[in-house]
Amino acid sequence: MADVRIGCQTFTWEMLGEGFNGRPDDLLDAIAAGGYGGIEITDTMIGAYGSQPEAFARALDARGLALVAFTFSSASGFTEIDEVERDLEAARRWADFAARFPGAVLSMGSATVMSTGPRDEKFRIAAEVYNRAAEIGRVAGIEVAVHPSSHHDTLLFDRADYDALFKLLDPASVGWVPDTGHILRGGMDMLDTLRTHAARIRYLHLKDVDATGTWAMLGRGACDVPAVIAEAAKAPGFNGWLVLEEESEEAASDPARAVRTNRETMRRFVS
């Protein structure tokens with residue numbers, strides 16, 4: 001466990017919507033002050049740095065942070081056939097951006113149902129986008145991974161959904177970012193799911209929920225954090241990053257304090 005590193009995801013602030021009036025530098029300051037070694041930032045929160053990778057690299061270096069991953073999503077939910085080429089253009093843009101940061105992963109948001117139509121066709125379109133994006137990542141020199149979600153209208157809610165998508169994805173090129181909160185909300189057997197798809201794991205999102213599936217602060221819900229970390233650490237492609245992402249009511253009232261509390265909680269499990 002000596003090589004495990006702790007990062008923080010910026011969605012904790014993004015979920016505030018218009019309630020967040022800060023800048024990307026405010027996120028970097030809060031995450032560095034919280035004791036984290038890395039950041040996973042989204043296309044929504046990158047701001048002006050999205051066209052200035054060198055400036056972003058300097059901002060990270062000044063705070064002792066690494067870029068763990070860059071995450072992007074699409075209004076298409078990656079399931080609309082007419083938007084495939086547009087989604088791949090976004091993948092190309094962000095792959096080029098993330099390639100400036102050694103070891104960073106390009107994380108793609110969850111396939112989501114945005115219109116009527118057969119679910120099998122939605123899976124097929126999502127798989128095409130993810131597979132082709134992974135090839136774009138290969139050319140750029142970075143890994144691409146999928147981050148399933150349990151949020152509204154997700155195509156990837158339960159174990160059957162995960163298995164259906166992964167069956168269509170190139171096992172050699174498309175990775176996976178398991179998210180403990182979303183796995184629990186999908187009613188899955190956590191450890192069996194991690195073991196079954198271990199070869200795809202690139203890094204891990206740690207979140208917690210209570211018995212009803214309501215978001216909870218890390219360590220206060222149903223997630224067996226030590227068991228999950230131990231399982232992920234066995235994965236052959238795991239890069240060592242544990243990324244904490246908080247979506248509870250505590251985070252909604254004070255994101256900086258919530259992520260700082262989670263970092264302290266993690267010290268019980270990883271120094």
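Quantities reported herein were computed from a predicted structural model and do not represent experimental measurements. (Residues numbered from 1 in each chain as written. Predicted model: local features only at pLDDT ≥ 70, side-chain atom pairs only at ≥ 80, totals over all residues. Heavy atoms only, no water.)

(A) Structural detail: the pairing of strand β5 (residues 143-146). Inspection of the sheet shows strand β4 (residues 105-108) paired to β5 by 4 bridges, in the parallel sense. Pairing of Met-108 across the sheet is with Val-146, part of β5. A crossover links β4 with its parallel partner β5, the connecting element being helix α5 (residues 119-140), and its sense is right-handed. Here β5 pairs with strand β6 (residues 174-176) via 3 bridges, running parallel. In the strand pairing of β6, Val-146 is matched with Trp-176. Crossover handedness for the path β5 to helix α6 (residues 159-168) to β6: right-handed. (Pairing = 2+ DSSP bridges. Helix = DSSP H or I, 4+ residues; strand = E, 2+ residues; numbered from the N terminus. Right-handed = clockwise from strand over helix to strand, strands pointing away.)

(B) How the structure looks around the sheet that holds β4. Strand order in the open sheet made by the 8 strands is β6-β5-β4-β3-β2-β1-β10-β7, with parallel pairing throughout. The open sheet terminates on both sides in strands that have one partner only, identified here as β6 and β7 (204-206). The mean inter-strand angle of the sheet, taken between neighbouring strand axes irrespective of direction, is 30 degrees. Across the sheet, helix α4 (residues 84-98) is in contact with β3 (66-72) and β4; its angle to β3 comes to roughly 170 degrees. (Axes fitted to C-alpha atoms, helices over the stretch in contact; angles between N-to-C directions. Contact = heavy atoms within 4.5 Å.)

(C) Here's a closer look at the packing of aromatic side chains. Summed over all chains, the structure comprises 12 aromatic pairs. Feature note: the residues Tyr-49, Phe-56, Phe-70, Trp-94, Phe-97 and Phe-101 constitute an aromatic cluster, connected by ring pairs. (Phe/Tyr/Trp six-rings, centres within 6.5 Å; stacked < 30°, edge-to-face > 60°.)

(D) Representation of the packing of α4 against α5 in the model. Their axes nearest at 9 Å, the elements α4 and α5 cross at an angle of 30 degrees. One way to sum up the angle between α4 and α5 is to call them roughly parallel. Seen from above, α4 lies across α5 with right-handed handedness. Only Ile-125, Glu-128, Val-129, Arg-132, Ala-133, Ile-136 and Ala-140 of α5 make contact with α4, whose side of the interface consists of Val-84, Glu-85, Asp-87, Leu-88, Ala-91, Arg-92, Ala-95 and Asp-96. The residue inventory of the contact of α4 with α5, partitioned by class, reads 9 nonpolar, no polar and 6 charged. (Parallel < 35°, antiparallel > 145°, perpendicular 65-115°, else oblique. Left-handed = near helix turned anticlockwise from the far one by under 90°. Nonpolar A, V, L, I, M, F, W, Y, C, P; charged D, E, K, R; others polar.)

(E) How the structure looks around the side chain of Thr-42. Among the structural elements, Thr-42 can be located in strand β2 (residues 38-42). Taking the relative accessible area as the measure of exposure, Thr-42 reaches 5% and is therefore buried. A distance of 2.7 Å separates a polar atom in the side chain of Thr-42 from a polar atom in the side chain of Glu-14. Not counting residues up to four positions away in its chain, the partners in contact with Thr-42 are Gln-9, Thr-10, Glu-14, Phe-70 and Thr-71. (Buried < 20%, exposed > 50% of the residue type's maximum accessible area, 1.4 Å probe, protein only. Polar contact = N/O pair within 3.5 Å; in protein donor to acceptor, adjacent residues only side chain to side chain.)

(F) Representation of unusual backbone geometry within the structure. Here the phi dihedral of Phe-78 falls at roughly 60 degrees; this positive angle occurs in a residue that is not glycine. Mapping Phe-78 onto the fold places it in the loop between β3 and α4. Although it is not a glycine, Asp-153 adopts a positive phi angle of roughly 65 degrees. Summarising the element assignment, Asp-153 is placed in the loop between β5 and α6. Looking at Asp-153, the relative accessible area reads 39%, which means it is partly exposed.

(G) Quick peek at the pairing of β3. Along β3, 6 of the 7 residues are buried, which leaves the element largely enclosed by surrounding structure. Looking at chain direction, β2 and β3 are connected through 5 bridges and run parallel. For Glu-40, the partnering residue across the bridge sits in β3 and is Ala-69. In the classification by handedness, the crossover that spans β2, the intervening helix α3 (residues 53-62) and the parallel β3 is right-handed.

(H) Layout of the environment of Ala-30. Of note, Ala-30 is situated in helix α2 (residues 24-33). Residue class for Ala-30 comes out buried when judged on its relative accessible area of 18%. Spatially, the C-alpha atom of Ala-30 lies 11 Å from that of Leu-65, the residues being 35 residues apart in sequence. Setting aside chain neighbours within four positions, we find Ala-30 in contact with Trp-13 and Ala-256.

(I) Main features of the packing of α5 against α6. At their nearest, the axes of α5 and α6 sit 9 Å apart, and the two run at 50 degrees to each other. Between α5 and α6, the crossing angle belongs to the class labelled oblique. Helix-helix and strand crossings are classified by hand; for α5 and α6 the assignment is right-handed. Contacts between α5 and α6 involve Arg-119, Phe-123, Arg-124, Ala-126, Ala-127, Tyr-130 and Asn-131 on the former and, on the latter, Asp-161, Ala-164, Leu-165 and Leu-168. Looking at the contact of α5 with α6 residue by residue, the class counts come to 7 nonpolar, 1 polar and 3 charged.

Scope: geometric values only; no functional claims are made or implied.
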